Amino acid sequence: MYHLRCKGTHYEMGAKCGKIFIRSGISFPLKLDEFQLAHGRESEKILREFFPEVCEEIRGVTDVIGVDYLQFASWMLCMGCCLYNLKENIPVEVRGCTAFAYAVKDRVIYGRNNDLPPYLRRGCKSELYAPKSGRRFHITTSSFINGEEGVNEHGLAAAMTFVMTDLKKIQPGFNSCFIVRYLLEKAEDEEQAVSLLLRLPVASNCNILLADKSGEMAVVECTPSVKRIRRAEEFEGGGIVCTVNSFTSGEMKGYDDADGNDYGSERRYRTVMDSFHKYIVGAQDHVEETERLLRGDYGFICQYDDEPDFETVWSSVFDLSRLDIYCAEGDPRKKKFIKQASPSLAAAP
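Residues numbered from 1 in each chain as written. Predicted model: local features only at pLDDT ≥ 70, side-chain atom pairs only at ≥ 80, totals over all residues. Heavy atoms only, no water.

A. Structural context of the overall build of the protein. Helix and strand counts for the protein stand at eight helices and 15 strands. Projected onto its principal axes, the C-alpha coordinates of the protein cover approximately 55 × 45 × 40 Å. Relative to all contacts within the protein whose residues are 6 or more apart in sequence, the contacts with residues 24 or more apart total 65%. Just so you have it, the protein exposes about 13,800 Å², and 47% of that area is on carbon and sulfur atoms. Between the averaged position of the 44 positive side-chain charges in the protein and that of its 52 negative side-chain charges there is a distance of 4 Å. (Helix = DSSP H or I, 4+ residues; strand = E, 2+ residues; numbered from the N terminus. Contact = heavy atoms within 4.5 Å. Areas by Shrake-Rupley, 256 points an atom, 1.4 Å probe, with all protein chains shown as cover. Lys, Arg positive; Asp, Glu negative; His and termini not counted. Charge placed at Lys NZ, Arg CZ, Asp CG, Glu CD.)

Structure (structure tokens):
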């Protein structure tokens, strides 16, 4: 996993990223068909309307590496949405992943397994951002600029999980990874993040988990046409919310087009929810107990041994109460969780 620190204007941060790509010999096979190009062009207009700063960051990359801005932005906006010609494009659609957050006494903890084809593991990044105008944040990503999860300096965590969408239903808008980036930079707490998200045009089905250090948490189940807020389930001693690669709310299930092809989403969801009251509520060390849950000690969550070319490529634990970040860079059954730099210290060199 690459560890990057970015600060300055958005254009400067993009240019720095572009220079790293050139130095590392990284190129991008931008092979989009007419549907993807049209989707990307229309989505870029929406991205520019709501988040012009990140468009300047993309332009910083493209100016340095010498590719067409609109084609590159279109490619990024197809990620996790309609980047279906997978052998010609990277990164692959994000189809695995389990994310959850819980509050117990004075602790608020977030956890995630990020599940992808293993060839993407080497390109994953842990990025610490200190934009000149915007909130400081930490983001973990299999891409760049956008991301699958993160936490900002105010103790707000945001994370996405992929839900399959029929191509006929996809609309121009934010993909889930740009939603995560937008909310980390623009919102201070869960309430503000939910309010911002409800106004965003969303391109395809996804779940967005939001939690803050005060213990407020929710999953917003999103489609291009409707959004539903699912609040935490309350148990004796605390509350928890979890998201996988399907919609949990009964009224949203009809929008899920996976047809069960979701890498055991229901089993992973039950492992998290059942473990909360069995093991976590009374735990002495909540971070350690969350790591054990993510390692699969309490049930199926990362054990993809029978799945060809699919595995957990990183696991994260955020202690939102203390702004502590821990990451296992690889299968958590084999890799240790190591403490990462906090967004409160994001005065990047």
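Picking up after the structure, the text goes on.
B. Region of the structure containing the pairing of strand E2 (residues 98-104). The buried count for E2 comes to seven of seven residues, which makes it a mostly enclosed element. Residues Thr98, Phe100, Tyr102 and Val104 point to one face of E2 and Ala99, Ala101 and Ala103 to the other, with burial holding for every one of them. By the bridge criterion, seven bridges tie E2 to strand E3 (residues 107-116) in an arrangement that is antiparallel. Paired with Ala99 across the strands is Arg112, a residue of E3. Between the antiparallel neighbours E2 and E3 lie two residues, among them Lys105 with a positive phi of about 55°. Judged from the six bridges that link them, E2 and strand E12 (residues 238-243) form a sheet pairing that is antiparallel. By the bridge assignment for E12, Phe100 is matched with Cys242. (Buried < 20%, exposed > 50% of the residue type's maximum accessible area, 1.4 Å probe, protein only. Pairing = 2+ DSSP bridges.)

C. Quick peek at helix H7 (residues 265-280). With 16 residues, H7 extends 21 Å from end C-alpha to end C-alpha; this agrees with the ideal 22 Å at 1.5 Å per step. Within H7, the axis deviates most sharply at Asp274, by approximately 30°. Taken as a whole, H7 has its buried residues at Ser265, Arg268, Tyr269, Thr271, Val272, Met273, Ser275, Phe276 and Ile280. Among the structural elements, E2, E3, strand E10 (227-231), strand E11 (233-235), E12 and helix H8 (286-294) are those in contact with the buried residues of H7. (Expected span 1.5 Å × (residues − 1). Bend = angle between axes of the 7 residues up to and from the residue.)

D. Geometry of the packing of aromatic side chains. Using the criterion set out here, one finds 20 aromatic pairs in the structure. Ring plane angle 65° and centroid distance 5.5 Å describe the contact between Phe174 and Tyr182, whose orientation is recorded as edge-to-face. Residue class for Phe174 comes out buried when judged on its relative accessible area of 1%. Among the aromatic residues, ring-to-ring pairing joins Phe21, Phe28, Phe72, Trp75 and Phe144 into one connected group. For the cation-ring pair, Arg59 lies above Tyr69, with the distance from its terminal atom to the ring centre recorded as 4.1 Å. In this structure, Arg267 is placed above the aromatic ring of Phe300, and the distance from its NZ or CZ to the ring centre is 4.2 Å. (Phe/Tyr/Trp six-rings, centres within 6.5 Å; stacked < 30°, edge-to-face > 60°. Lys NZ or Arg CZ within 6 Å of the ring centre and 35° of its normal.)

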